Amino acid sequence: ANRQPTPDTVTATLKLGGKKAGSVTEKVVVRSINDCLFSFPDEEDQPVDCSYMFAAYVNENHPVVQEILTEALKIDEPDGGKLIDAITGYQVDAAGVKKQVEAVYRAIQARGVKYSNITQASVASDSLGAQHVRLIGESARQASANCVDGSVLFCSVLRKMELDPYLVTVPGHMFMGVYLNEDHREQLEIETTMVGASPFKDAVKVGSGTYAKAEDEFEGENPNFQIIEIE
């Protein structure tokens, strides 16, 4: 419920054999729920990566997800007819899954969602890595999203469709992808910041290209290139 930084006091009390053995009180700042922590220092001041926390902002049960799915079923083909007739998840082949993903992309695009580079966390810190992330209802209502906001919005809708989406992090950026079949043999990535002005095929071309480039550049486990699977 906390939407802005709030000062608070935390007291820890130790008891031994039922008797108070001492207590420590610290003043703290409770951050906004929109602050996503993605790194913190360990005992030796080395950064500990916790980028997986971005997945906490994926919410397939938010009412706006069902609204977007309803709108996706109304998207037309360029030559007439509907792009998809039903939300079928993995009950169809990879081409059918890709069409469903395109319908979602175009439904979000029809809502007028534009790129908005708001990332500043509510509390400045030299040791903690944190970024402002809109909840998906805020992104939909404000029709604006940065790279993380847009990616968690897309993942929320695709997760509701019982598909397997994932977030992709590269230095200074995030986009998302989805497996096109249950056994994860095929996949595609989407550059979600392009939803405001670019067709689906261009967003896929850029997203998949960025993914392929990162695969070549970063080998093995590397915090500069991570796939955060929502499943």
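Residues numbered from 1 in each chain as written. Predicted model: local features only at pLDDT ≥ 70, side-chain atom pairs only at ≥ 80, totals over all residues. Heavy atoms only, no water.

What follows covers the nonpolar core. Counting 59 residues, the largest nonpolar core has Val104, Leu167 and Ile190 as its most contacted members. In this structure Ile190 touches Val101, Tyr105, Phe175, Met176, Phe200, Ala203, Val204 and Gly207, once residues within four positions along its chain are discounted. (Core = buried A, V, L, I, M, F, W, Y, C linked by side-chain atoms within 4.5 Å. Buried < 20%, exposed > 50% of the residue type's maximum accessible area, 1.4 Å probe, protein only. Contact = heavy atoms within 4.5 Å.)

A few words on the pairing of strand 2 (residues 19–30). Across 11 bridges, the pairing between strand 1 (residues 6–16) and strand 2 is antiparallel. Bridge pairing in strand 2 links Leu16 to Lys19. Where strand 1 hands over to strand 2, the hairpin turn is made up of 2 residues, of which Gly17 adopts a positive phi near 60 degrees. (Pairing = 2+ DSSP bridges. Helix = DSSP H or I, 4+ residues; strand = E, 2+ residues; numbered from the N terminus.)

Let us now look at the sheet that holds strand 9 (residues 173–179). Spatially, 10-9-8-11 is the arrangement adopted by the 4 strands of the open sheet, whose pairing is antiparallel. A strand with exactly one partner marks an edge of an open sheet, and here the two such strands are strand 10 (187–190) and strand 11 (226–229). Along the sheet, successive strands turn relative to each other by an average axial angle of 30 degrees, direction set aside. Packed onto the sheet, helix 5 (residues 200–217) meets strand 8 (165–170), strand 9, strand 10 and strand 11 and runs at close to 105 degrees relative to strand 10. (Axes fitted to C-alpha atoms, helices over the stretch in contact; angles between N-to-C directions.)

Our focus in this paragraph is a negative patch on the surface. A surface patch of like charges, here negative, comprises Glu215, Asp216, Glu217 and Glu219. Inspection of the secondary structure assignment puts Glu219 in the loop between helix 5 and strand 11. Residue classification places Glu219 among the exposed positions, given a relative accessible area of 67%. (Patch = residues over 30% accessible without salt bridge, like charges linked within 9 Å, V, L, I, M, F, W, Y side chains within 5 Å. Areas by Shrake-Rupley, 256 points an atom, 1.4 Å probe, with all protein chains shown as cover. Salt bridge = Lys/Arg side-chain N within 4 Å of Asp/Glu carboxyl O. Lys, Arg positive; Asp, Glu negative; His and termini not counted. Charge placed at Lys NZ, Arg CZ, Asp CG, Glu CD.)

When the pLDDT values of the chain are averaged, the result is 93; 99% of them are 70 or greater. At the level of individual helices and strands, the chain shows its lowest average pLDDT in strand 5 (residues 114–115), which scores 88, and its highest in strand 10, which scores 98. (pLDDT = per-residue confidence, 0-100.)

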